[in-house]
Every structure is written in C-alpha cells, then in structure tokens.
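Fold and contact review
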Amino acid sequence: MQGIEPKLHMNLTSRVEYYRLLIEAAEDPESQPSDVINQISELRHLYDEYLLNKKNLENSIKNYREYHNDLRKKLTSRLRELRRKARQK
C-alpha cells in the first residue's frame, strides 16, 4: 500500500498559503482566491481523514498480526501434542 507523502502535501499547502498572502497583499478586489482557498480547505480535510484512516489501518494490521501469531502458537502446540499422542499409540 502506498500512501500520501507528507512532504508533497506540505509543499502544496505552503504554496497555497503563500498565494493567499500575495492576494491579500495585493488587495485587489477582482482577484478572489475563494476557489483556491476552498479547495485547499477541502484538501486539508481529506488529508486529515487520510491520516486518521491510515492510523486505524495500522492499528488493525497490528491487531491482526498479534491475533494471528497467538492463534498460530496455540495451534502449533496443540498439533505437537496430537502428534505425540498419535506416535505413542
């Protein structure tokens, strides 16, 4: 699974912030950055959602591995017991 690189996200958000500052400094009423500001706001929301999902996925993978390893160990020990009993008969 390939994820979103934080460096790329931060690069874009810093460029948009710089753009917003330039627009504000120009104080030009005709240059309305609302569409870009709205898009970066949505992008930040999506990135936060991505980070939350990524954290949940990592936790799920960790829980799965722990459960899998515990079950494998139990099964292995029970199989050994059954083999020993089968040999003794």
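Structure first, text after, so check above.
What this report covers is the structure whose coordinates are included nearby. (Residues numbered from 1 in each chain as written. Predicted model: local features only at pLDDT ≥ 70, side-chain atom pairs only at ≥ 80, totals over all residues. Heavy atoms only, no water.)

Right, let's get into the overall build of the protein chain. Looking only at helices and strands, the protein chain features 2 helices and 0 strands. A total of 89 residues make up the protein chain; the buried ones form 9% of that total. Here the protein chain displays about 8,300 Å² of accessible surface, and carbon together with sulfur accounts for 53% of that area. (Helix = DSSP H or I, 4+ residues; strand = E, 2+ residues; numbered from the N terminus. Buried < 20%, exposed > 50% of the residue type's maximum accessible area, 1.4 Å probe, protein only. Areas by Shrake-Rupley, 256 points an atom, 1.4 Å probe, with all protein chains shown as cover.)

Let's shift gears to a nonpolar patch on the surface. Residues Leu75, Leu79 and Leu82 make up a contiguous nonpolar surface patch of roughly 290 Å² in combined accessible area. The residue Leu79 is located in helix 2 (residues 34-88) in this model. For Leu79, a relative accessible area of 37% translates into the label partly exposed. (Patch = residues over 30% accessible without salt bridge, like charges linked within 9 Å, V, L, I, M, F, W, Y side chains within 5 Å. Salt bridge = Lys/Arg side-chain N within 4 Å of Asp/Glu carboxyl O.)

Moving on: helix 1 (residues 6-26). Residue pairs three or four apart in sequence face the same way in an α-helix, which turns once every 3.6 residues. In this model helix 1 runs 30 Å from its N-terminal to its C-terminal C-alpha over 21 residues, within 8% of the 30 Å that 1.5 Å per residue would give. Listed as buried for helix 1 are His9, Thr13, Val16 and Ile23. Projected onto a plane normal to the axis of helix 1, the buried residues spread over an arc of 80° and lie on a single side. Residues of helix 1 that are exposed and angled more than 90 degrees away from the buried face: Lys7, Arg15, Tyr18, Ala25 and Ala26. (Expected span 1.5 Å × (residues − 1). Arc of directions from axis to C-beta.)

The end-to-end C-alpha distance of helix 2 is 80 Å, a good match for the 81 Å that 55 residues give at a rise of 1.5 Å each. Regarding helix 2, the residues found buried are Ile40, Tyr47 and Tyr50.

Here we take up the packing of helix 1 against helix 2. Packed helices, taken two at a time, are described by the angle between their axes plus the distance between the axes. Here helix 1 crosses helix 2 at 155°, and the two axes come no closer than 11 Å. One finds that helix 1 runs roughly antiparallel with respect to helix 2. In the crossing of helix 1 with helix 2, the sense of the turn from one axis to the other is left-handed. Contacts between helix 1 and helix 2 involve Pro6, His9, Leu12, Thr13, Val16, Glu17, Tyr19 and Arg20 on the former and, on the latter, Val36, Ile37, Ile40, Leu43, Arg44 and Tyr47. Grouping the constituent residues of the contact of helix 1 with helix 2 by class yields 9 nonpolar, 2 polar and 3 charged. (Axes fitted to C-alpha atoms, helices over the stretch in contact; angles between N-to-C directions. Parallel < 35°, antiparallel > 145°, perpendicular 65-115°, else oblique. Left-handed = near helix turned anticlockwise from the far one by under 90°. Contact = heavy atoms within 4.5 Å. Nonpolar A, V, L, I, M, F, W, Y, C, P; charged D, E, K, R; others polar.)

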